[in-house]
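# Architecture and fold: a report
Okay, here's what each chain looks like letter by letter:
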Amino acid sequence: MNTTFKEENGNFVMKFEGRLDTAAAPQVEKEMQQLYECDGHDVVLDCTEMEYISSSGLRLFLGLLKTAKPKGSHVYITGLNDDLRQVFTMTGFINLFEFK
């Protein structure tokens, strides 16, 4: 799993490439820490290149959402393929996040 962080149009954007599984989750969690400093910035999680997400990955996304909302920030997910969208739908996460 590779991640890339950038600030774009006032948003914090993190791109995910590969499989966000249990083995990758600890490293990805460290890389996501900069997203927690989102005061005044919306967060975009770009999943265009993501192949798979496990429950550990979903936990990371949910933790970010719980931190960002009280700060007035939105967390958007973009680029979900059909398999990932199905995971988000089956787990109910489709109702928690905003999608672009």
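Below you will find a few notes about this structure. (Residues numbered from 1 in each chain as written. Predicted model: local features only at pLDDT ≥ 70, side-chain atom pairs only at ≥ 80, totals over all residues. Heavy atoms only, no water.)

## Considering helix 1 (residues 25-32)
Convention followed: Throughout, exposure labels follow a simple rule: accessible area from a 1.4 Å probe, protein chains only, divided by the maximum for the residue type, with under 20% read as buried, over 50% as exposed, and the rest as partly exposed. A run of H or I in DSSP becomes a helix once it reaches four residues, and a run of E becomes a strand once it reaches two; helices and strands are each numbered from the N terminus. In this description, the arc belongs to the directions extending from the helix axis to the C-beta atoms. Whether two residues are in contact is decided by their heavy atoms, any of which lying within 4.5 Å being enough.
Buried within helix 1 are the following residues: Ala25, Val28 and Met32. In an axial view of helix 1, the angular spread of the buried residues amounts to 65°, which keeps them on one side of the axis. For helix 1, the elements touching its buried residues are strand 1 (2-8), strand 2 (11-20) and helix 2 (55-68).

## Brief notes about the packing of helix 1 against helix 2
For the record, the criterion: Here the axes come from fitting lines to C-alpha atoms, over the contacting stretch only for helices, and the angles between their N-to-C directions go from 0 to 180 degrees. Throughout, the term roughly parallel applies to angles under 35 degrees, roughly antiparallel to angles over 145, roughly perpendicular to angles from 65 to 115, and oblique to all others. Left-handed is the label given to a crossing in which the near helix is rotated counterclockwise from the far helix by less than a right angle, and right-handed is the label when the rotation is clockwise. All residues other than Ala, Val, Leu, Ile, Met, Phe, Trp, Tyr, Cys, Pro, Asp, Glu, Lys and Arg, Gly among them, are scored as polar; the first ten of these are nonpolar and the last four charged.
Axis separation between helix 1 and helix 2 bottoms out at 10 Å; the angle between their running directions is 20°. Judged on the interaxial angle alone, helix 2 and helix 1 are roughly parallel. Note on packing geometry: the crossing formed by helix 1 with helix 2 is right-handed. Contacts between helix 1 and helix 2 pair Ala25, Val28, Glu29 and Met32 from the former with Ser56, Arg59, Leu60, Phe61 and Leu64 from the latter. Its residues assigned to classes, the contact of helix 1 with helix 2 comprises six nonpolar, one polar and two charged.

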